[in-house]
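Here's the letter readout for the chains.
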Amino acid sequence: MISFFRHAVVALDLSDASDLIIECVSSFQNLGTEKITLVTVLKVPFEQLESEFDTVREQKQLEDYQKKLTEAGFEVEIQIRKGLHYYPPTEILTAADEVDADFVVISNRGESKVTELLLGSTASELLQRSELPVYLINLALKKDPENEDERSLKLPHPCSEATKHVLYATDFSDGAYRTYKILRDMEGAGIVDKISMIHVQGHHAIAIKDPVSRDKLTEQNREQLDRIRNKLSDNTREDTELIITFGTPAKEISNAAKERNATLIMMGSQGKGFMQELFLGSVSNKVTRISDTAVLLIPAEPEEDES
């Protein structure tokens, strides 16, 4: 079994979304996950001392989740991190580092059902800072047919089917190649049923007015995708679709996932132009905002310290 995803840190705000997150990660055996650390970050009100801050309700809820996941076969630990100036993204990543986690799990919606968590600070900040892979669970809103003002959350796809059809997005950067190596190991372990590969030729390619030059670029990119596909095992190689498109990368990736009913998007969290697009302009960050599909972001290999 693959070793990249054995230990998950799962960030919870203990809202309604947390029930669905727990339902989702209950099926993470298909990723090779064996251990889960549940982390909740609480800000102590300014007027209260930390020692007086009551966390009985939160502890009980986490213990209920712990019991459910333990019954599903996982080793489970829980953490409540509380403090006056505790900032959730920092505390979640610190917890992940302290317990030597392999990846972090978050959702796109939290305490507010309507407002996406990504439009606040927690998920966005965490996605930018994390040196670990991040699995983003995209929760959808479901309207109450009897009350148009009422909405509830739902999982668009069963998480048990997350690796049924993986859309791998690449810009041929080092970060994208690391993502591919992990995908290939997942596929080789037999946990991925189908793969599609997409490369989006951005506006620089559209600007090529010479059709011959544009066609040559497309063919070069297709050859690169084909070389990548040929390294897959016999299980998926022949049925792997290669997709070359023009346009805005995040939109094209999201549309391709929706049109093909992909169950998971895998891509690097850093690619070409990362420094220029570090904050909310990055392709990966935009994909997490607009896609209805779960997204697994893989960071580039950390640079070795030469000092």
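For the structure, check the block above.
Residues numbered from 1 in each chain as written. Predicted model: local features only at pLDDT ≥ 70, side-chain atom pairs only at ≥ 80, totals over all residues. Heavy atoms only, no water.

**Details of the sheet that holds strand β11 (residues 264-268)**
We apply this condition: In this scheme, strands are said to pair when DSSP sees at least two bridges between them. Each helix is a run of H or I in the DSSP string that is no shorter than four residues. Each strand is a run of E no shorter than two, and both are numbered from the N terminus. Every axis in this analysis is a line fitted to C-alpha atoms, fitted for helices over the stretch in contact. Angles between the N-to-C directions lie between 0 and 180 degrees. By the convention used here, residues are in contact when the closest approach between their heavy atoms is within 4.5 Å.
One open sheet holds the ten strands; their spatial order is β3-β2-β1-β4-β5-β12-β11-β8-β9-β10, and the pairing between them is mixed. Strands at the two margins of the open sheet, each flanked by one partner only, are β3 (75-83) and β10 (241-246). Taking each pair of neighbouring strands and ignoring which way they run, the sheet shows an average axis angle of 20°. Pairing of strand β1 (residues 7-11) with strand β2 (residues 35-43), which is carried by five bridges, proceeds in the parallel orientation. Following the sheet pairing, Val10 is matched in β2 by Leu38. Of the strands in this sheet, β8 (165-169), β9 (194-201), β10 and β11 touch helix α8 (residues 249-259), which is tilted by about 155° from β9.

**Describing the environment of Ser282**
Applied cut-off: Relative accessibility thresholds used throughout: buried, under 20% of the residue-type maximum; exposed, over 50%; partly exposed, between the two (1.4 Å probe, protein chains only).
Inspection of the secondary structure assignment puts Ser282 in the loop between β11 and α9 (283-290). By relative accessible area, which is 7% here, Ser282 ends up buried. Considering only alpha carbons, one finds Ser282 and Ser269, 13 residues apart in sequence, at a separation of 8.3 Å.

**Section: the packing of aromatic side chains**
For the record, the criterion: The aromatic pairing rule takes the rings of Phe, Tyr and Trp, using the six-membered ring of Trp, and pairs them if the centres are within 6.5 Å, calling planes under 30 degrees apart stacked, those over 60 edge-to-face and the rest tilted.
Scanning all chains against the criterion turns up six aromatic pairs. Clustering of aromatic rings is evident, with ring pairs tying together Phe4, Phe5, Phe28, Phe103 and Tyr135.

**Side note on the packing of helix α3 (residues 88-98) against helix α4 (residues 122-129)**
Formally: Here is the rule for angles: anything less than 35 degrees is roughly parallel, anything more than 145 is roughly antiparallel, 65 through 115 is roughly perpendicular, and the remaining ranges are oblique. It is the rotation of the near helix from the far one that decides the hand of a crossing: anticlockwise by less than a right angle makes it left-handed, clockwise makes it right-handed. For this classification, the nonpolar set comprises Ala, Val, Leu, Ile, Met, Phe, Trp, Tyr, Cys and Pro, the charged set comprises Asp, Glu, Lys and Arg, and every other residue, Gly included, is treated as polar.
Where α3 meets α4, the closest approach of the two axes is 8 Å, and the angle between their N-to-C directions is 45°. By the angle between their axes, α3 is oblique relative to α4. In the packing of α3 onto α4, the handedness of the crossing is right-handed. Of the residues in α4, those touching α3 at Pro88, Pro89, Thr90, Ile92 and Leu93 are Thr122, Glu125, Leu126 and Arg129. Of the residues assigned to the contact of α3 with α4, the class counts are five nonpolar, two polar and two charged.

**Notes on the state of the cysteines**
Which entries qualify depends on this criterion: For this text, the term disulfide refers to a pair of cysteine sulfurs within 2.5 Å.
Applying the stated criterion to the full structure yields one disulfide. For Cys24, the disulfide goes to Cys159, at an S-S distance of 2.0 Å. Between Cys24 and Cys159 the sulfur-sulfur dihedral comes to about -100°; the bridge is accordingly left-handed. With Cys24 in helix α1 (residues 16-25) and Cys159 in the loop between β7 (147-154) and β8, this pair connects stretches of sequence that are 135 residues apart.

**A look at α9**
Residues spaced three or four apart along an α-helix face the same direction, because each turn holds 3.6 residues. For the record, the criterion: This arc describes the spread of directions from the helix axis toward the C-beta atoms.
Inspection of α9 places Ser284, Asn285, Val287 and Thr288 among the buried residues, and these make up the whole buried set. Along the axis of α9, the buried residues cluster in a sector spanning 160°; they form a single face. Against α4, β5 (134-137), α8, β11 and β12 (295-298) lie the buried residues of α9.

**Some points on the pattern of salt bridges**
Here is the rule we go by: The rule for a salt bridge is simple: a side-chain nitrogen of Lys or Arg has to be within 4 Å of a carboxyl oxygen of Asp or Glu.
Enumeration over the complete set of coordinates arrives at ten salt bridges. The salt bridge partner of Glu75 is Lys35, with a shortest N-O separation of 3.9 Å. Pair noted here: Glu75 is in strand β3 and Lys35 is in strand β2, with a separation of 40 residues, a long-range link. Accessibility expressed as a relative area gives 46% for Glu75, which makes it partly exposed. A salt bridge links Arg81 to Glu98, with the shortest nitrogen-to-oxygen separation between them at 3.1 Å.

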